[in-house]
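Summary of the model geometry
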Amino acid sequence: MTYSPENSSSAASAGIDARTLKQWLHDGDEIALLDVREHGLYGEGHLFYAVPLPFSRLELEARRLMPRQSVRVVVYDDDGNGVAPQAARALRAMAYPQVRVLNGGIAGWRAAGLAVFAGVNVPSKTFGELAELAFHTPRISARELAERQARGDDLVVLDGRPLGEFNKMNIPGGICCPNGELALRAELLAPDPATTIVINCAGRTRSIIGAQTLINLGVDNPVLALENGTQGWYLEDLPLEHGARRKYPDAGTVDERLRARSRALAEKHAVEFVDADTVAQWLAQSDRSTYLCDVRTPEEFATGSLPGAQHTPGGQLMQATDQYVACRGARLVLFDAEGVRAPAVASWLRQMGWEAFVLREGLQAQLPAAAALPAAVDALPQVQPDALAAWHAPGARMLDVRSSMAYRAAHLPAAEWTIRARLADAAVAADARVLFVADEAGVAALAARTLREQGHRGEQAWLRWDADAVRAAGSEIVATPQSPPDAQCIDYLFFVHDRHDGNKAAARQYLAWETDLIHQIDAQERAAFRLPPMPA
């Protein structure tokens, strides 16, 4: 339903203390734990099972991440007095009735003696480190790989990341083949079983999981994970490629042997294959969350999918589950077009602790049409670049609500950077005309709504940022590499991104953080995974 003050509670929702929340996270019932701070703050420290859902995008993503509105929801911020109460009110207005705010926020969690984790995708990355120990995944160092390449050894390097990440930097000669595609396409890239397959990513997790996927599937080729990925390569002072576009081939006619191998792997890990009628019943239930996950490539998904399906490319669904699924304890129903990728991915999700299933009919399943979701926010009037002159008049304000890094790179001279959580700091007069500059209409509209709630009554509109169109209309564009200053860039996690920008110290710090995750989790968090027994 569309938000309005009449259907929201003016009081903050009920609170929950840290120890009770810890019990809820392990009691077996569904729960969505949302960190509603911006991404940079989340990455500096968050709860192990927290899903990042920044207040700046809250209503835009909530229904996708939490399809069942009656699920238990807990939101938190730094201390319980920041954006968490606002987020709780917004979710209640969207008909999520069971919303609580963590008392004291993350500070209260720490005060209870409970662990806080830095970084992103922490459960998936912790799982990757545990999987390496459990399976003894074979690996190769950057230096040894470079020497073998120089000798002309028979090997192929497959990069387990999506094409956009591969394009930024890759091992020389590498080919983009995201982890979710390996089961279907790896042997097309290495048809000779004598060819060694090396899987890499930017760090560790996708190298480990990608290599172990092929090993678990029983491919005939020797398979190795590149130790520490492109970061390990860079730390050895070896050159990386930039801008490469080499990628996996079309699958063509699928070998029945691949289907049988993938199905056997799924069944080994207790993955069930369910029919469309069963899934339709699950999707209609109001007491249990079911996610319908299309694990195919972006190009395939763009040609059409099943009603109600979310695009969850298989490799990323394993690597960044928290970007697609917020309800811990939910069902995940995976499908593809050929019966190879979904079972392989489901085998890992089961080991990660998720209740994962494979849709037997795949893309051919007949499912009822999904109900149309209501608009999350009312649209703002849009201003075209050639009409910007009117917004330079006295009393008008331009508020740029794009990412801080995008603002630094290019913005209008009169535009001030801000973010929804900090609109009060902008000190906008109640009757001022305000133009929001944004990449998305929804982000601008949410910022405008919050400004209204703070008492603004003036005209509001938005400009979709298009640097070429803005220049063509005669407006100046400037860059301010140090503004906003780092301390204000709460949406950007320098710790994660600096490792790709020539900062060796950041790369070493990141790798040390990743390998240390398994020493930070407690017994309950470790027990949630379903890996084979590990050595003492």
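Keep in mind that what you see is a predicted model, and the values were worked out from it rather than measured.

Conventions we followed
- Residues numbered from 1 in each chain as written.
- Predicted model: local features only at pLDDT ≥ 70, side-chain atom pairs only at ≥ 80, totals over all residues.
- Heavy atoms only, no water.
- Helix = DSSP H or I, 4+ residues; strand = E, 2+ residues; numbered from the N terminus.
- Rg over C-alpha atoms; globule rule 2.2 N^0.38 Å.
- Buried < 20%, exposed > 50% of the residue type's maximum accessible area, 1.4 Å probe, protein only.
- UniProt positions renumbered as here; feature names shortened; annotations may be inferred.
- Axes fitted to C-alpha atoms, helices over the stretch in contact; angles between N-to-C directions.
- Parallel < 35°, antiparallel > 145°, perpendicular 65-115°, else oblique.
- Left-handed = near helix turned anticlockwise from the far one by under 90°.
- Contact = heavy atoms within 4.5 Å.
- Nonpolar A, V, L, I, M, F, W, Y, C, P; charged D, E, K, R; others polar.
- Pairing = 2+ DSSP bridges.
- pLDDT = per-residue confidence, 0-100.
- Arc of directions from axis to C-beta.
- Expected span 1.5 Å × (residues − 1).
- Phe/Tyr/Trp six-rings, centres within 6.5 Å; stacked < 30°, edge-to-face > 60°.
- Lys NZ or Arg CZ within 6 Å of the ring centre and 35° of its normal.

A separate point is the overall build of the protein chain. Broken down by element type, the protein chain carries 22 helices and 20 strands. Computed over C-alpha atoms, the radius of gyration of the protein chain comes to 24 Å, within 12% of the 24 Å expected from 2.2 N^0.38 for 536 residues, which places it in the range of a compact globule. Reported as C-alpha extents along the three principal axes, the dimensions of the protein chain are approximately 70 × 50 × 50 Å. Evaluated residue by residue, the protein chain yields a buried proportion of 56% over its 536 residues.

Within this structure's numbering, the places UniProt gives as "domain: Rhodanese" (unreviewed entry) are residues 27-118, 151-242, 294-377 and 392-456. Segment residues 392-456 splits into 29% helix and 22% strand. End C-alpha atoms: 19 Å apart.

The next point concerns the packing of helix α9 (residues 179-189) against helix α16 (residues 341-351). Two packed helices can be described by the angle between their axes and the distance between those axes. Packing of α9 against α16 leaves a shortest axis separation of 8 Å and a crossing angle of 135 degrees. Taken together, the axes of α9 and α16 lie oblique to each other. Helix-helix and strand crossings are classified by hand; for α9 and α16 the assignment is right-handed. Two secondary-structure elements touch here, α9 through G180, E181, A183, L184 and R185 and α16 through R341, A344 and V345. Residues belonging to the contact of α9 with α16 are distributed by class as follows: four nonpolar, one polar and three charged.

Another aspect to go through is the packing of α9 against helix α10 (residues 205-217). α10 packs onto α9 with a crossing angle of 30 degrees between their chain directions and a minimal axis gap of 9 Å. When the axes of α9 and α10 are compared, the crossing they make is right-handed. Two secondary-structure elements touch here, α9 through N179, L182, A183 and A186 and α10 through R206, I209, G210, L214 and L217. Residues belonging to the contact of α9 with α10 are distributed by class as follows: six nonpolar, two polar and one charged.

The next point concerns unusual backbone geometry. Glycine aside, negative phi is the norm for most residues, and most peptide bonds take the trans geometry. The peptide bond linking S483 to P484 adopts the cis configuration, its omega dihedral lying at 5 degrees. Topologically, P484 is positioned in the loop between α19 (467-472) and α20 (494-497). In the Ramachandran plot, A95 falls in the positive-phi region, its phi being about 75 degrees despite a non-glycine side chain. Positive phi values are uncommon outside glycine, yet N228 reaches one of about 70 degrees. On the secondary structure map, N228 appears in the loop between β10 (223-226) and α11 (229-235).

What follows deals with the pairing of strand β4 (residues 72-76). The buried count for β4 comes to five of five residues, which makes it a mostly enclosed element. A two-sided burial pattern is seen for β4, the buried positions comprising R72, V74 and Y76 on one face and V73 and V75 on the other. Examined bridge by bridge, strand β2 (residues 31-35) and β4 share five bridges and lie parallel to one another. Paired with L33 across the strands is V74, a residue of β4.

A separate point is the sheet that holds strand β13 (residues 310-311). The strand order across the open sheet formed by five strands is β11-β16-β15-β12-β13, and the pairing between neighbours is parallel. Because the sheet does not close on itself, it has two edges, and the strands there are β11 (272-274) and β13.

Take the confidence of the model for the protein chain next. When the pLDDT values of the protein chain are averaged, the result is 94; 96% of them are 70 or greater. Residue range residues 1-12 is modelled with pLDDT below 50. Its contacts to residues more than four positions away, or to other chains, number 22 contacts.

Moving on to helix α13 (residues 276-284). For α13, every residue scored as buried is listed here: A276, V279 and W282. Each buried residue of α13 sits inside an arc of 120 degrees when the element is viewed along its axis, so together they form one side. Turned more than 90 degrees away from the buried face of α13 sit D277, Q281 and A284, all of them exposed. Residues of α13 that are buried sit in contact with β11, β12 (290-294), β15 (331-335) and β16 (355-359).

Our focus in this paragraph is the sheet that holds strand β6 (residues 139-140). Strand order in the open sheet formed by five strands is β6-β10-β9-β7-β8, with parallel pairing between adjacent strands. Each edge of the sheet is formed by a strand with only one pairing partner; in this case those strands are β6 and β8 (175-176). Pairing between β6 and β10: two bridges, direction parallel. Within β10, the position partnered with R139 by the bridge is A225.

What follows covers the environment of F166. Residue position: F166 is located in helix α8 (residues 163-168). You can call F166 buried: its relative accessible area is 0%. Each C-alpha atom, one on F166 and one on D277, is 39 Å from the other, the two residues being 111 residues apart in sequence. With sequence-adjacent residues up to four places away left out, F166 is seen in contact with D159, R161, G174, I175, C176, A244, R245 and R246.

Another point: α10. Here α10 contains 13 residues, and its C-alpha end-to-end distance of 18 Å stays within 8% of the 18 Å for a straight helix at 1.5 Å per residue. Counting buried residues in α10 gives eleven out of 13 residues, a clear majority hidden from the surface. When we look at burial in α10, the residues that qualify are T205, R206, S207, I208, I209, G210, A211, Q212, T213, L214 and L217. Remark: G218 follows α10 within two positions and exhibits a positive phi of approximately 80 degrees.

In this section: the packing of aromatic side chains. Applying the stated criterion across every chain yields a total of eight aromatic pairs. Geometrically, the ring pair formed by F135 and W348 is edge-to-face, given 5.9 Å between the ring centres and 80 degrees between the ring planes. Of this pair, F135 sits in helix α6 (residues 122-135) while W348 sits in helix α16, placing them 213 residues apart in sequence. The exposure class of W348 is buried, given its relative accessible area of 1%. Connected via pairs of aromatic rings, a cluster forms that spans F127, F135, W348 and F529. Of note, R72 hangs over the ring of W24, and the distance from its end group to the ring centre comes to 4.8 Å. Above the ring of Y49, the side-chain terminus of R328 is found at 3.7 Å from the ring centroid.

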